Amino acid sequence: MTCNGFARLGPLYSPPSRLFLDCYLTSRTSPLSSKRGYARELAERHDIHLEFIEIPDDVISEFKAFGLSKIGDLKLIADDETLREVRSFIERESLIGFVRTLMMYHDIDRYFAVWKPWSSLDNPTALLLEKKFGRKKVNDLLSEHEIEIIQEEE
């Protein structure tokens, strides 16, 4: 089934399949929006430029392990106050990076208990997390998981 058949996937609050979550986050049609997927709506509303890419299975399993089993769970961690704070640091992000940033911002300890290894974090995201959790905690977690902070080129 493709995203075109998305509206026929069944109950909204059943645990998402890879296709369900991928389509919901990125499609132009979704069960809760007549025109756009939820992530597109958030990006437009908060002027965050997202790169929409296919979400691999291991990343979907990371989202689920964190507790994003339904779109309502994503909505809980992507409230307007959080998104304003995220936007004050981040202007451009991949969809995967954006959702990971929201998960870390919501509960950094829970995120790193379920994370699927990746090796670098951009400096604006690190600064966002430091503002909420403190520099020492963020640096300790990044060091423990061997994640380096990438400085933006000017």
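Everything here concerns the structure above.
For the structure given in this document, a descriptive report is provided here. Worth saying up front: this structure is predicted, and the values here are computed from it rather than measured. Each chain carries its own residue numbering, running from 1 in the written order of its sequence. Residue-level local features of this predicted model are given only where pLDDT is at least 70; pairs of side-chain atoms are given and counted only at 80 or more, and the full residue set underlies all totals for whole chains, interfaces and linings. Each side-chain value is worked out from all heavy atoms of the structure, with water and hydrogens disregarded.

**What about the overall build of the chain?**
Moving on, step 1. Counting from the N terminus, the helices are the DSSP runs of H or I reaching at least four residues and the strands are the DSSP runs of E reaching at least two. Scanning the chain from N- to C-terminus turns up nine helices and four strands.
Moving on, step 2. The secondary structure elements of the chain, listed N-terminal to C-terminal, are α-α-β-α-α-α-β-α-α-β-α-α-β.
Moving on, step 3. The rule is simple: take the accessible area with a 1.4 Å probe, protein chains only, and divide by the maximum for that residue type; under 20% is buried, over 50% is exposed, in between is partly exposed. Counting over 154 residues, the chain shows a buried share of 47%.
Moving on, step 4. Two residues form a contact once any of their heavy atoms are found within 4.5 Å. Counted over contacts in the chain with a minimum sequence separation of 6, partners at least 24 positions apart contribute 67%.
Moving on, step 5. Residue exposure ignores everything except the shown protein chains as possible cover, and the areas themselves are Shrake-Rupley values with a 1.4 Å probe. Carbon and sulfur atoms provide 47% of the accessible area of the chain, an area that totals close to 8,400 Å².

**Remarks on the side chain of T101**
Moving on, step 1. As for its position among the elements, T101 is in helix 6 (residues 95–106).
Moving on, step 2. Look at T101 and you get buried, because its relative accessible area is 3%.
Moving on, step 3. In contact with T101, other than residues within four places in its own chain, are I90, E93, T125 and L128.

**Focus: the pattern of salt bridges**
Moving on, step 1. What counts as a salt bridge is simple: a side-chain nitrogen of Lys or Arg found within 4 Å of a carboxyl oxygen of Asp or Glu. As enumerated under the stated definition, the model contains nine salt bridges in all.
Moving on, step 2. Among the ionic pairs, R87 bridges to D47, the shortest N-O distance being 3.4 Å. On the criterion of sequence distance, the pair formed by R87 in helix 5 (residues 80–89) and D47 in the loop between helix 2 (38–45) and strand 1 (49–51) is long-range, its members being 40 residues apart.
Moving on, step 3. Residue R135 pairs with E130 through a salt bridge whose shortest N-O separation is 3.4 Å.
Moving on, step 4. If you follow the salt bridges from partner to partner, you end up with D47, R87 and E91 in one network.

**Thoughts on the packing of aromatic side chains**
Moving on, step 1. Two rings from Phe, Tyr or Trp (for Trp, the six-membered ring) form a pair when their centres are within 6.5 Å of each other. A pair whose planes differ by under 30 degrees is stacked, one over 60 is edge-to-face, and the rest are tilted. Considering all chains together, one arrives at five aromatic pairs under this definition.
Moving on, step 2. With a centroid separation of 5.7 Å and 65° between ring planes, the pair formed by F112 and W115 is classed as edge-to-face. Comparing F112 with W115, the two get one shared label, buried.
Moving on, step 3. Ring plane angle 90° and centroid distance 5.8 Å describe the contact between W115 and W118, whose orientation is recorded as edge-to-face.
Moving on, step 4. Residue classification places W115 among the buried residues on the basis of a relative accessible area of 15%.
Moving on, step 5. Residue classification places W118 among the buried positions, given a relative accessible area of 14%.
Moving on, step 6. Cluster of aromatic residues (ring-pair linked, three or more members): Y111, F112, W115 and W118.
Moving on, step 7. Either the NZ atom of lysine or the CZ atom of arginine qualifies as a charge over a ring when it sits within 6 Å of the ring centre and within 35 degrees of the ring normal. Looking at R110, its charged tip hangs above the ring of F66, at a distance of 4.1 Å from the centre.
Moving on, step 8. Here the basic side chain of K132 rests over the ring of Y105, its NZ or CZ set 4.3 Å away from the ring centre.

**Thoughts on the side chain of T125**
Moving on, step 1. Relative to the helices and strands, T125 resides in helix 8 (residues 123–133).
Moving on, step 2. Taking relative accessible area as the criterion, T125 reaches 0% and is therefore assigned buried.

**Side note on helix 5**
Moving on, step 1. Where helix 5 is concerned, the buried positions are T82, L83, E85 and V86. Across the axial projection of helix 5, the buried residues extend over an arc of 160°, all falling on one side. In this structure, helix 5 carries E81, R84 and S88 as exposed residues pointing more than 90 degrees from its buried face.
Moving on, step 2. In this structure, the buried side of helix 5 is in contact with helix 2, helix 4 (71–77), helix 6 and helix 8.
Moving on, step 3. What qualifies as a polar contact is a pair of N or O atoms within 3.5 Å, subject to a donor-acceptor requirement within protein and to the restriction that residues adjacent in sequence count only when both atoms come from side chains. N-capping of helix 5 is provided by D79, with a side-chain oxygen placed 3.1 Å from the backbone N of E81. Arc, as used here, means the arc of the directions from the helix axis to the C-beta atoms.

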